[in-house]
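# Overview (structure and organization)
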Amino acid sequence: MNPYSRPFEPVAEHECDVLVIGGGSAGIGAAISAARHGARTVLIETTCALGGNGTSGLVPALAPYNYNQRDGQPYLRGTAWEVLERLHRAEGLYGLGMNAWWKLFDKEIAKRVFEEMVLEAGVHVRYFTFFHTVEMSGSKVSRALTVSKAGIEAWKAKLYIDASGDGDLAAAAGASVMMGDAADDRMPPTYCFTVMNVNRKQLGDPRKVNLAMKRGKEQGRLCNPNDHRGEKDIFGPDAMVFNYNHIYECDCLNADDLTRGVIEGRQIAFELLDYLKDTVPGFEQSNMATTAVLLGVRETRRIEGDYVLKADAYFDSHRHDDDIAVYDYALDLHAAKENGESQHEYYEMYYDKRTGPGEFFGIPLRCLLAKGIDNVATAGRCVSTDRPMLGSIRQLPSSIVMGQAVGTAAALALINGGAYRDVDVKLLQETLRQDGAYIP
Ligand SMILES: Cc1cc2nc3c(=O)[nH]c(=O)nc-3n(C[C@H](O)[C@H](O)[C@H](O)COP(=O)(O)OP(=O)(O)OC[C@H]3O[C@@H](n4cnc5c(N)ncnc54)[C@H](O)[C@@H]3O)c2cc1C
């Protein structure tokens, strides 16, 4: 018998109270709060770092905690605020630090800070492990199956939290899924990268980079057709992180498309770097510090929950009895098509129709509960919204906040019978407030 053969059956079965799939912003928030409230919590992550898009995807900044009022009180608090304080203490914030509107942060320090927070809470973290599928017992997940170097493993939890961004677990459990718009148009991903050894003094005004990129496209030297506004951001004294290239026609649930996305993205990144070295003073000695580990995915599955949060809630500043947070970020959609016109239509229809200072909408617990599945909740990019609302809710700090809410809901459910839908919403809101959340 071959001792190295890998059977189709699980080689091990583990038990825990709460199993969280995905260690991005949402998963971190969920795992920390579940564990802090006493649940034996396991966090499964396929890469070898926490932070998801925020670290491995090199997404530049934590979006504003109060979008409509730069110096207004933060709406996103609790664990999202704690992350900010810990990053600040670890010297992991740049520019205006905690007071910045868009909070630029150091990816490597963030990875360490997230690990410290999760481990201090008592979470069992498992890297290099990919969630594959579930076994069901009626409308409940009975086991989740993962794959790693060790082979297939089974995880039996009382409650599951899908923080995979893509809704992998909820979809495998049979939850109803929404994707794109009526024509299945989806926001394109972007492959972020960091350039180092930029002579910032010589460069002067960083907007010169945007102007150079525009010129390069007009001259036909840059092939990237990207036409959204935030093409580059700055961090550190001599480095720049670029949120630059849109990869079109890329189905981010398809491994061939993801592969093409990073290969194309890397070509575009080097093409831009060569162009900047040639044409922009200050870039002569610059070089590629790193391209991202993850393709920056904006849109895949949205799980249908007990409630679908729609863009109307944004425009009407709508609140719900079961709100677990409030937020006010704009409806930030990126056009699926490779032409500036459709992007500008989106700006007109959504992004530029911003609400005003002091206006915010509520995020209800119901849009985090996978409809028809008893023991699965979601947080982050895959929660139950219509497409325009996804544009607002999908940010890094709001994902942490949603994660904190479902993690806390899971822990409270376990104290009282074990079902998400039996959680006393008032108790959940009170517990979240005690843990620093802002639910006015
Ligand atoms: C290019 C780009 C720029 C952006 N800019 C900003 C910005 O400046 N500020 C901001 O706040 N937001 C920004 N966003 C939005 C934000 O990055 C995401 O929406 C946010 O990361 C969502 O968090 P999440 O935890 O739901 O998902 P993710 O961050 O995607 O995390 C999901 C995690 O789950 C893991 N995972 C996935 N599937 C599995 C599986 N089957 N098994 C095990 N692990 C799995 C992944 O490896 C990942 O670590 C940007 C997004 C993109 C794409």
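In this text, all values refer to a predicted model and were calculated from it rather than measured experimentally. (Residues numbered from 1 in each chain as written. Predicted model: local features only at pLDDT ≥ 70, side-chain atom pairs only at ≥ 80, totals over all residues.)

### Things to note about the overall build of the protein
The secondary structure content of the protein amounts to 12 helices and 17 strands. For 440 residues, the compact-globule estimate of 2.2 N^0.38 gives 22 Å, and the protein sits close to it at 21 Å. Overall, the C-alpha framework of the protein stretches about 65 × 65 × 45 Å when taken along its three principal axes. Looking at the protein alone, contacts between residues at least 24 apart form 75% of all its contacts between residues at least 6 apart. (Helix = DSSP H or I, 4+ residues; strand = E, 2+ residues; numbered from the N terminus. Rg over C-alpha atoms; globule rule 2.2 N^0.38 Å. Contact = placed C-beta atoms within 7 Å.)

### Things to note about the pairing of strand β15 (residues 323–327)
For β15, the buried fraction is high: five of the five residues fall into the buried class. Pairing of β15 with strand β16 (residues 361–364), which is carried by four bridges, proceeds in the antiparallel orientation. Residue pairing for β16: V326 is matched across the bridge by G362. (Buried ≥ 20, exposed ≤ 12 C-beta atoms within 10 Å, placed from the backbone. Pairing = 2+ DSSP bridges.)

### With respect to unusual backbone geometry
In this structure, D184 is a non-glycine residue whose phi angle is positive, near 60 degrees. If you trace the backbone, D184 turns up in the loop between β9 (177–179) and β10 (193–196). Look at D184 and you get exposed, because 9 C-beta atoms sit within 10 Å. The phi torsion at S317 lies on the positive side, around 50 degrees, for a residue other than glycine. Considering the arrangement of structural elements, one finds S317 in the loop between α8 (311–315) and β15.

### Section: helix α7 (residues 255–279)
Taking 1.5 Å per residue as the helical rise, α7 with its 25 residues ought to reach 36 Å, and the 36 Å between its terminal C-alpha atoms agrees with that figure. Listing the buried residues of α7 in full gives G261, G265, I268, A269, L272 and L276. Where α7 is buried, its residues meet β10, α6 (207–218) and β13 (287–291). (Expected span 1.5 Å × (residues − 1).)

### Overview of the pairing of β10
Each regular strand carries side chains that alternate between the two faces of the sheet. Residues F193 and V195 of β10 are buried on one face, while the alternating residues T194 and M196, pointing to the opposite face, are not. When β10 meets β13, the two strands line up antiparallel, connected through four bridges. Note on β13: the bridge partner recorded for F193 is T291.

### Structural notes on the site of the ligand
Taken together, 40 residues lie around the ligand, and G22, G24, G52, G296 and G380 are the ones closest in. Residue assignment for the shell around the ligand shows that the elements contributing at least two residues are α1 (25–36), β3 (61–62), β6 (130–137) and α11 (396–415). In terms of residue class, the shell around the ligand is built from 16 nonpolar, 18 polar and six charged. (Near = placed C-beta within 6 Å. Nonpolar A, V, L, I, M, F, W, Y, C, P; charged D, E, K, R; others polar.)

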